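If you want the building blocks of each chain, they are given just below.
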Amino acid sequence: MQRAVVAVALIILTLASLWFGLAVGSVKLSQVEVWQALIGQGSDVQRQIVMELRAPRVFAAFACGGLLALAGTLLQVLLRNPLADPYILGISGGAAVGALSALTLGMAALSVNIGALLGAVAAIALVFALGWRGRGIGPERMLLAGVVLSAGFAAIISLFLVLAPAAQLHGMLFWLMGDLSRVVSADIALTTLLILAVFCVMLGHALDILALGETKAMTLGLSAKPLQILIFFLAALATTVVVVSAGPIGFVGLLVPHAIRLLGITRHRALILLSIFAGGAFLVCADLLARSLAAPLQLPVGAVTALLGVPMLLLLLIRR
């Protein structure tokens, strides 16, 4: 009963956040005008604002928030660490080095995304190689490898920022703080979210067993090694898609799974689905604030998620 109530509440919250994301912006549109644009009626200007400007950004925000929450849930199981989040393994640092390299060379937006993708893949390969042990993934080794690589990438990023020309510095800072304004299409992020959500829900029972610990999971007949490898690469894929699409956006993958668990949801099939809805709604609301608080100036959404996430996480810690 409790899960049903939480699910209904989160679905309503998600739909409301998507609607307000489409309706609110620098150009005021009534609820009727938004609906007309969605069904292909209304003026050309209204349809262009809703369908070409706001809809890709809103749905990309939902997909990225859902992917971050999913990755955080998976990594907290894999590493058995409540502080695990999508960026703890250095993936965002590797992507940032790749993206800033492309920006420094003055490359186009597509080349920046390719650079971020290559950097993220390189970081994933390094962390996996360093975290692997003879009989599976060592959580402590992987955490240490991620922390060390993150520190190294942070040093390289600092050098890029110090040496970058003034004309490129603003774009670099926006990318590093997370920015959805450059999103053109949400298709890749939404497709990835749908596929990973279905796949991870199917793994829900196995995740419940793995959360008990590697030794106990093997006692119960679960082959832990292949599952650990699969979880790592699923979480890495989700994180990479987000970083390439919108840059590093913090706190979503750390905060949302904990918040859902505190509502009494612990089985991973329900936890994964509800975390996706909550993470998507959270990032849509954060992006709405990012483009509305100082309009027409747009704030980086990563800064807004941090400003919202810090007090919310502290509140959760105080309550439980």
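Residues numbered from 1 in each chain as written. Predicted model: local features only at pLDDT ≥ 70, side-chain atom pairs only at ≥ 80, totals over all residues. Heavy atoms only, no water.

**Overview of the overall build of the protein**
Within the protein one finds 14 helices and two strands. Relative to a compact globule of 320 residues, whose C-alpha radius of gyration would be 20 Å, the protein shows 20 Å and is just as compact. With the principal axes as the frame, the protein shows a C-alpha extent of 65 × 55 × 35 Å. Considering the protein as a whole, with its 320 residues, one finds that 50% of them fall into the buried category. Counted over contacts in the protein with a minimum sequence separation of 6, partners at least 24 positions apart contribute 74%. Roughly 14,900 Å² of accessible area belongs to the protein as shown, and the carbon and sulfur atoms make up 73% of that amount. Between the averaged position of the 18 positive side-chain charges in the protein and that of its 10 negative side-chain charges there is a distance of 12 Å. (Helix = DSSP H or I, 4+ residues; strand = E, 2+ residues; numbered from the N terminus. Rg over C-alpha atoms; globule rule 2.2 N^0.38 Å. Buried < 20%, exposed > 50% of the residue type's maximum accessible area, 1.4 Å probe, protein only. Contact = heavy atoms within 4.5 Å. Areas by Shrake-Rupley, 256 points an atom, 1.4 Å probe, with all protein chains shown as cover. Lys, Arg positive; Asp, Glu negative; His and termini not counted. Charge placed at Lys NZ, Arg CZ, Asp CG, Glu CD.)

**Focus on the packing of aromatic side chains**
This structure, assessed with the given rule, holds three aromatic pairs. Taking the centre distance of 5.1 Å and the plane angle of 45° together, the rings of F128 and F233 count as tilted. Of the two residues, F128 sits in helix α5 (residues 109-131) while F233 sits in helix α11 (residues 224-246), which places them 105 residues apart along the sequence. We classify F233 as partly exposed; its relative accessible area is 39%. Counting every residue linked through ring pairs, the aromatic cluster contains F128, F232 and F233. (Phe/Tyr/Trp six-rings, centres within 6.5 Å; stacked < 30°, edge-to-face > 60°.)

**Thoughts on the packing of helix α3 (residues 44-78) against helix α13 (residues 268-292)**
Two elements in contact, α3 and α13, have axes whose closest approach is 7 Å; the angle formed by their N-to-C orientations is 135°. Put simply, α3 runs oblique to α13. Note that α3 runs across α13; the crossing there is right-handed. Partitioning the contact of α3 with α13 into residue classes produces 14 nonpolar, seven polar and four charged. (Axes fitted to C-alpha atoms, helices over the stretch in contact; angles between N-to-C directions. Parallel < 35°, antiparallel > 145°, perpendicular 65-115°, else oblique. Left-handed = near helix turned anticlockwise from the far one by under 90°. Nonpolar A, V, L, I, M, F, W, Y, C, P; charged D, E, K, R; others polar.)

**Focus on the side chain of S17**
Among the structural elements, S17 can be located in helix α1 (residues 2-23). Contacts of S17, omitting those with residues within four sequence positions, involve A281, V284 and C285.

**Side note on the environment of V34**
By the element assignment, V34 lies in helix α2 (residues 31-38). With relative accessibility at 0%, the residue V34 sits in the buried group. Other than its neighbours up to four places away in sequence, V34 contacts W19, L22, A23 and L29.

**Topic: the confidence of the model for the protein**
Counting all residues, the mean pLDDT for the protein is 83, and 95% of those residues have values of 70 or more. Highest mean pLDDT in the protein belongs to helix α8 (residues 187-202) (92); lowest belongs to strand β2 (residues 136-137) (64). (pLDDT = per-residue confidence, 0-100.)

**Focus on unusual backbone geometry**
Among all residues except glycine, the phi angle is most often negative; among peptide bonds, the trans geometry is most common. For F251, which is not a glycine, the phi torsion comes out positive at approximately 75°. Among the secondary structure elements, F251 is positioned in the loop between α11 and α12 (252-262).

**Some words on the side chain of S92**
Tracing the backbone shows S92 in helix α4 (residues 91-104). When sequence neighbours within four positions are dropped, the list of residues in contact with S92 reads Y87, V243 and P248.

**Regarding the nonpolar core**
Membership of the largest hydrophobic core comes to 102 residues, with the highest contact counts inside it found for L74, L79, L89, W175, I249 and I260. Looking at this core, the element that brings in the most residues is α3, giving 18 residues. If we ignore the near neighbours within four places in the chain, the residues touching I260 are L10, I265, L271, L274, S275 and A278. (Core = buried A, V, L, I, M, F, W, Y, C linked by side-chain atoms within 4.5 Å.)

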